[in-house]
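The primary structure of each chain is shown beneath.
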Amino acid sequence: MPQVSRKIDSAAEFVKILSSDNPQERMKATWVEADLEVWIDIIEQFPEVRKQVIGNKNVPLEILRVLARD
């Protein structure tokens with residue numbers, strides 16, 4: 001069954017998903033979508049979640065290029 005993507009609007013929202021006590025909620029971080037600016041905010045404001053950003057199935061190639069230099 002394909003995952004349904006949901007769009008997030010902030011870096012804090014991504015981190016909130018990752019911090020959930022519910023494993024199913026945390027899995028949503030794998031499928032959420034966001035504008036390029038939000039992904040940039042996430043990796044700049046929360047460098048500790050960069051691995052989870054890489055694991056997202058919808059992260060833009062531009063962000064993966066940035067993270068490839070880590």
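Each remark here, short or long, concerns the structure printed above.
Residues numbered from 1 in each chain as written. Predicted model: local features only at pLDDT ≥ 70, side-chain atom pairs only at ≥ 80, totals over all residues. Heavy atoms only, no water.

## A closer look at the overall build of the protein chain
Tallying secondary structure elements over the protein chain gives 5 helices and 0 strands in all. Across the protein chain, helices and strands are ordered from the amino to the carboxyl terminus as α-α-α-α-α. The globule rule puts the C-alpha radius of gyration for 70 residues at 11 Å, and the 11 Å found for the protein chain is close to it. Taken along the three principal axes of its C-alpha coordinates, the protein chain extends 30 × 25 × 20 Å. Sequence-distant contacts in the protein chain: of pairs separated by 6 or more residues, those separated by 24 or more amount to 55%. Of the roughly 4,800 Å² that the protein chain leaves accessible, carbon and sulfur atoms contribute 52%. (Helix = DSSP H or I, 4+ residues; strand = E, 2+ residues; numbered from the N terminus. Rg over C-alpha atoms; globule rule 2.2 N^0.38 Å. Contact = heavy atoms within 4.5 Å. Areas by Shrake-Rupley, 256 points an atom, 1.4 Å probe, with all protein chains shown as cover.)

## Here's the deal with the nonpolar core
Generally speaking, a soluble globular protein has its nonpolar side chains buried in company with each other. If you look at the biggest cluster of nonpolar residues, it comprises 17 residues, and the most contacted ones within it are I8, F14, V32, W39, I42, V53 and I63. Residue assignment for this core shows that the elements contributing at least two residues are helix 1 (11-18), helix 3 (36-45) and helix 5 (61-68). Excluding its chain neighbours within four sequence positions, the residues that come into contact with I42 are I8, A11, F14, P47, V49 and V53. (Core = buried A, V, L, I, M, F, W, Y, C linked by side-chain atoms within 4.5 Å. Buried < 20%, exposed > 50% of the residue type's maximum accessible area, 1.4 Å probe, protein only.)

## Observations concerning helix 3
Within helix 3, the full set of buried residues consists of V38, W39, I42 and I43. With its buried residues spanning 130° around the axis, helix 3 presents them on a single face. Exposed and facing more than 90 degrees away from the buried side of helix 3 are E37 and E44. (Arc of directions from axis to C-beta.)

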